[in-house]
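Residue strings, one per chain:
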Amino acid sequence: MTSPIPCGRFAPSPTGLLHAGSLLAAFGSWLLARHHGGLWRLRIEDVDPPRTVAGAAQAQLQTLAAFGLAHDGPVIWQSARGDAYQAALDRLLADGHAFVCHCSRSDLAATGGIHHRCVARQARADPAVRFRVPADSVVHFEDGLRSRQQQDVHAEVGDFVLRRADGCWAYQLAVVVDDAAQGVNEVVRGADLLDSTARQILLQRALDLPTPRYWHLPLLLDAPGHKLSKSLAALPVEAREPVPVLRRLWELLGQPTSALEGINDRDTLLAAAQHSFTPRLLPHADILLAAGALSAPMLQNPPSPT
Ligand code: GLU
């Protein structure tokens, strides 16, 4: 049997401009796919209108293009994928894997927000739909970077939301349906999503979908040790000078600087990087960026979204 073509993806939520941490995940994922001659898909996770920032998705696409991180096939927009999520939800409801839930946040306060059984004091006009996590749901998986991982989803997470009370599709359902629809078999993303992976594996099993291989990259931390994140308004990456930024990201991915020495052209640099990328050199521990590392040329002069 021949192994399938590797297929990676980048799936930003359009909640702001891409910052160094997001671009690190994008570059790491692109490198892993391209190094093995694979495909790289793009998906805009605009499934949460209250968090979506106008113009952010277009700005993210422009940034990726400016860095030369070309994708295969059309960009998927989750806002247009409601029918696919509904079909998956209908199946889960029909199979008894999902149930309608009237519990409010305050109903679940006594159990720390974890849902194990419905305790709603009154029916809601807008109930959520949850995935039922049985008592023996301990999920194990082999992370490409972090070796064996395990989570007791029942104890640590409980029955999780698939469609929210406000009608929005939950990230967990949308990501599982779309990774499968896009043929993704290598997910490279930030370690902040490590905690979601077991839930996604449970959903894949319930929907008879394949489980990709997961690689959770270290997070970039700013000087006080906080994760760089869009919501913390980390400065966006400087897209006008892609070469020094790509070089810096390459180093942050644990790859030898010598492989890219003397290259000043973006596409030549990407070709060399794709060729010499060595997955086993990827770092495991979170990366603390010194104050200086956040200044020119890596992060400066944030362009405003159009
Ligand atoms: N949309 C998520 C984010 O921007 C990433 C989802 C994923 O990689 O699974 O944080």
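Residues numbered from 1 in each chain as written. Predicted model: local features only at pLDDT ≥ 70, side-chain atom pairs only at ≥ 80, totals over all residues. Heavy atoms only, no water.

Colleague: What exactly am I supposed to notice about the sheet that holds strand β1 (residues 7–10) here?
Modeller: Whether parallel or antiparallel, the strands of a sheet pair through hydrogen bonds between backbone atoms. With parallel pairing, the three strands of this open sheet are ordered in space as β1-β2-β3. Each end of this open sheet is capped by a strand with a single partner; those strands are β1 and β3 (76–77). Relative to strand β2 (residues 39–44), helix α2 (residues 56–66) is tilted by about 160°, and along the sheet it contacts β1, β2 and β3. Packing of helix α5 (residues 171–181) onto the sheet brings it into contact with β1, β2 and β3, and relative to β2 it is tilted by some 145°. (Pairing = 2+ DSSP bridges. Helix = DSSP H or I, 4+ residues; strand = E, 2+ residues; numbered from the N terminus. Contact = heavy atoms within 4.5 Å. Axes fitted to C-alpha atoms, helices over the stretch in contact; angles between N-to-C directions.)

Colleague: Could you clarify how one ought to interpret the environment of A135 in this entry?
Modeller: Within the secondary structure, A135 sits in the loop between β5 (128–131) and β6 (138–143). In the structure, A135 is positioned 18 residues away from V153 in sequence and 8.5 Å away in space, judged by C-alpha atoms.

Colleague: Whenever I open this one, the packing of helix α3 (residues 82–94) against α5 confuses me. Can you help?
Modeller: When two helices pack together, their arrangement is given by the angle between the helix axes and the distance between those axes. Relative to each other, α3 and α5 sit at 105°, their axes nearing to 10 Å. The orientation of α3 with respect to α5, classified from their angle, is roughly perpendicular. Of the residues in α5, those touching α3 at A84, Y85, A88, L89 and L92 are L173, A174, V177 and D178. Taken together, the residues that form the contact of α3 with α5 break down as eight nonpolar, no polar and one charged. (Parallel < 35°, antiparallel > 145°, perpendicular 65-115°, else oblique. Nonpolar A, V, L, I, M, F, W, Y, C, P; charged D, E, K, R; others polar.)

Colleague: Even after reading the chapter, I still don't get unusual backbone geometry, so can you show me in this structure?
Modeller: Most of the time, phi is negative for any residue but glycine, and the peptide bond is trans. Of note in this structure, S147 is not a glycine but carries a positive phi near 55°. Summarising the element assignment, S147 is placed in strand β7 (residues 147–152).

Colleague: Quick question: what am I supposed to make of the confidence of the model for the chain here?
Modeller: Residues shown with low pLDDT carry predicted positions that ought not to be read at fine detail. In the predicted model, the chain carries a mean pLDDT of 90, and 89% of its residues have values of at least 70. Low pLDDT, under 50, characterises residues 291–306; the predicted model gives this stretch 33 contacts beyond four residues in sequence or across chains. (pLDDT = per-residue confidence, 0-100.)

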